[in-house]
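Next come the chains, spelled out residue by residue.
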Amino acid sequence: MLGVIGGAIVDPAAASAGWLVGFVFWAQILVGSLSLIMVHRLTSGDWGEIIAPATEPAAAAVPLLVLFAVPIFVAIPALYPWAQQPPTVKPDVLSLYLNRPAFVVRSLVAFAGWSALALLLPRATGGRGQLLAAFGLVFHAAIISSVSIDWYLSVEAPFTSSSFGTSVAVSSLVAALAWAAVWMPATDDEPAVGDVGALLLATILGITYIDFMAVLVIWYGDLPREGAWFVARARLPWTALAVAAFALGSLIPTLALIQSRVRNRRRPLRAVGLLTLVGIAANDAHLIAPPKGVAALASALLAIVGIGLIIIGVIPFLARGQPQPFAWGARDAQ
């Protein structure tokens, strides 16, 4: 954390971009865990029970996101070009959407909704809990489309992508499942381990398809504004970062998980989950850091580690404070 503060003094733009990378990386894990819990509340299954010790405390940490977002709110002028009202962004967009008050309000609405769900879901059982989870997923689907554009894409306004909200939502599920694969306390002979591995494989294939189709549409359509985004990343170290993101977050996990001896066993699945998280972090850095320069990568690494240490340090206390049972599905039905 001291390194990030020092970087903010030397290069505020790079430090703020690095902090944003760390913030969105951990937000995906925490909010993705909350999403998995809501999905499990509606569908049940042993997979939700086995990952509960990892996802439930992570979901309980969602309210911490508002604290980690404060530096982003402060750094908006250094981080987002629309704060200087550039001519490349239409005036009506700046006045009605891309402005500091609206950005902060949309983020706070997201944090308030996610935090309320994280607080209420453990205490709502049976039909009430299922209804809350259903409404929660609708809220999540709506708000993730908004804040994903704010946090990621508006770093390089006016770049747009109609599929980006879906990409972030699915990426959050991948991050949460990878987190669960690393931390869930299970043995190799636990049948539900294979279910978690299969879900991780399915979501990785899903995010790979969504992102590939987005790139294909931009390439095939020869869209200059969107194409410039890729041109800016067509040199080192950004090309290497893109290769690392694809290899660690998609290619290697897919090749590993299609093998039953990896997908159904605890230790290999943990290794795949760890690789996937590294790939997600590389992808977040590839999306956010290039406009602010290579220095943003060092800040991103410090932010990921610093925020992670705080969250991991707080999670045990949050787990103790949760009502039991906090895992759902089969236990609710009993």
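Structure first, text after, so check above.
These numbers come from a predicted model, not from an experiment.

S.K.: Outline the overall build of the protein, listing residues and values.
M.R.: A count of helices and strands for the protein gives 16 helices and zero strands. Burial statistics for the protein: of 334 residues in total, 51% are counted as buried. In the structure as shown, the protein presents an accessible area of about 14800 Å², 72% of it carried by carbon and sulfur atoms.

S.K.: How would you explain the nonpolar core if you had to name every residue and give the values?
M.R.: With 98 residues, the main nonpolar core has L20, F23, Y80, F103, W114, W151 and L200 as its most contacted residues. Top element by residues in this core is helix α2 (residues 12–43). It accounts for 17 residues. Ignoring sequence-local partners within four residues, the contact set of F23 consists of L65, F68, A69, I72, F111, W151 and I307.

S.K.: Requested: an account of the pattern of salt bridges, with residues and values cited.
M.R.: Enumeration over the complete set of coordinates arrives at one salt bridge. Across the salt bridge formed by D150 and R106, the nearest N and O atoms sit 2.7 Å from each other. Pair noted here: D150 is in helix α8 (residues 126–151) and R106 is in helix α7 (residues 100–120), with a separation of 44 residues, a long-range link. For the residue pair D150 and R106, the accessibility class agrees, reading buried in each case.

S.K.: Go over the side chain of T55 with me, naming the residues and quoting the values.
M.R.: For T55, the location among the structural elements is in helix α3 (residues 46–60). Here T55 is in contact with S33, L36, I37 and A180, once residues within four sequence places are set aside.

S.K.: An account of the side chain of S16 is needed here, citing residue identities and associated values.
M.R.: Of note, S16 is situated in helix α2. Overall, the relative accessible area of 7% leaves S16 in the buried class. Among the polar contacts made by the side chain of S16, one reaches the main-chain carbonyl oxygen of A13 at a distance of 2.8 Å. Setting aside its immediate chain neighbours within four residues, S16 contacts A75, A78 and L79.

Conventions adopted
Residues numbered from 1 in each chain as written. Predicted model: local features only at pLDDT ≥ 70, side-chain atom pairs only at ≥ 80, totals over all residues. Heavy atoms only, no water. Helix = DSSP H or I, 4+ residues; strand = E, 2+ residues; numbered from the N terminus. Buried < 20%, exposed > 50% of the residue type's maximum accessible area, 1.4 Å probe, protein only. Areas by Shrake-Rupley, 256 points an atom, 1.4 Å probe, with all protein chains shown as cover. Core = buried A, V, L, I, M, F, W, Y, C linked by side-chain atoms within 4.5 Å. Contact = heavy atoms within 4.5 Å. Salt bridge = Lys/Arg side-chain N within 4 Å of Asp/Glu carboxyl O. Polar contact = N/O pair within 3.5 Å; in protein donor to acceptor, adjacent residues only side chain to side chain.

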